[in-house]
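Residue-level structural notes
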Amino acid sequence: MTTRSDTPGCRILGIDPGSQRTGFGIIDVDAVGKLTHVHHGALAVAGEETFPLRLKRIFDELTAIIGDHQPAECGIERVFMARNPDSALKLGQARGAAICAVAAKGLAVHEYAPTEIKQAVVGSGRGDKTQVQHMVGVLLGLKGSLQPDAADALAIAVTHAHTRASLARVGIPRTAWRRR
């Protein structure tokens, strides 16, 4: 039996921005929705001399990763309100550096709230980090434990793969999806 899909295959970059460590994950999704792990890791930028140098490093390294792996689409985690305003601002700036790297390479940025990501990967918007790590490993056939930031980035890529397939089936833009 042949399965048909209106959604072509795609390489997706997921980014979990952070001011000390930014996770990234790249997956391929084929026309029938099969997910394949390509590459993942975390950019440890906390050792930079100044905060602006951390942001530059996030931008430079993500730009290089995009150049090397040629993703067609990108998903990134939306900022959540932290208890510490300074931490929230730094996270927002790290996210901005990541978005600029993606935009500089001509890719659209698709944003996902933490609860959307957990819902897509774990089945509940209240899942914890260990559940996300475990399910990412199961969904992508990875052995062993994943570094948390890289697992979160892969979860974002998986979320985008599922969302783009659902939107293609329904035939509406993502902006309209949110309003329904």
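Residues numbered from 1 in each chain as written. Predicted model: local features only at pLDDT ≥ 70, side-chain atom pairs only at ≥ 80, totals over all residues. Heavy atoms only, no water.

Focus on the layout of surface pockets
In plain terms, the rule: For each structure, a 1 Å grid was placed over the protein atoms alone; sets of points admitting a 1.4 Å probe that cannot get out are labelled cavities, open sets with protein on both sides within 12 Å along at least five of seven lines are labelled pockets, and lining residues have an atom within 4 Å of a point. Grid points are joined across faces, edges and corners, and a volume is the space filled by probe spheres set on the points. Only DSSP runs of H or I covering at least 4 residues are called helices, and only runs of E covering at least 2 are called strands; the numbering of each starts at the N terminus. For this classification, Asp, Glu, Lys and Arg are treated as charged, while Ala, Val, Leu, Ile, Met, Phe, Trp, Tyr, Cys and Pro are nonpolar and the rest, including Gly, are polar.
Each pocket or cavity is described by its volume, and for the largest pocket that value is around 490 Å³. Taken together, 24 residues line the largest pocket, and the ones lying closest to its centre are D16, P17, E77, F80 and K129. Every element with two or more residues in the lining of the largest pocket is listed here: α2 (85–104), α3 (114–122), α4 (129–140) and α5 (148–170). Across the lining of the largest pocket, the residue classes tally to 11 nonpolar, 4 polar and 9 charged.

Focus on the sheet that holds strand β3 (residues 35–44)
Spelled out, the test is: A pair of strands is treated as paired once DSSP finds two or more bridges between them. Helix axes use the C-alpha atoms of the stretch in contact, all axes being lines fitted to C-alpha atoms, and the angles between their N-to-C directions lie in the range 0 to 180 degrees. Contacts: residue pairs with any heavy atoms within 4.5 Å of one another.
The sheet built from 5 strands is open, its strands ordered β3-β2-β1-β4-β5 with mixed pairing. Whereas interior strands pair on both sides, the edge strands pair on one side only; in this sheet they are β3 and β5 (109–112). Across this sheet, the average inter-strand angle for adjacent strands is 20°, counted without regard to direction. Along the sheet, α3 contacts β4 (73–77) and β5; its crossing angle with β5, the most-contacted strand, is approximately 85°.

Quick notes on the pattern of salt bridges
Put simply, the test is: One side-chain nitrogen of Lys or Arg within 4 Å of one carboxyl oxygen of Asp or Glu is enough to make a salt bridge. Here's how the labels work: a residue is buried when its accessible area is under 20% of the maximum for its type, exposed when over 50%, partly exposed in between, all with a 1.4 Å probe on protein chains only.
Under the criterion given, the structure shown has 10 salt bridges. The residue R57 makes a salt bridge to E61 at a minimum N-O spacing of 2.5 Å. Of this pair, R57 and E61 both sit in helix α1 (residues 51–69), separated by 4 residues, roughly a single helical turn. The class for R57 is partly exposed, based on a relative accessible area of 25%. With its nearest N and O atoms 2.1 Å apart, the salt bridge here joins E111 to R95. Taken as a pair, E111 in strand β5 and R95 in helix α2 lie far apart in primary sequence, 16 residues in all. Using a relative accessible area of 11% as the deciding quantity, one classes R95 as buried. When salt bridges that share partners are traced, they join E48, R57 and E61 into one network.

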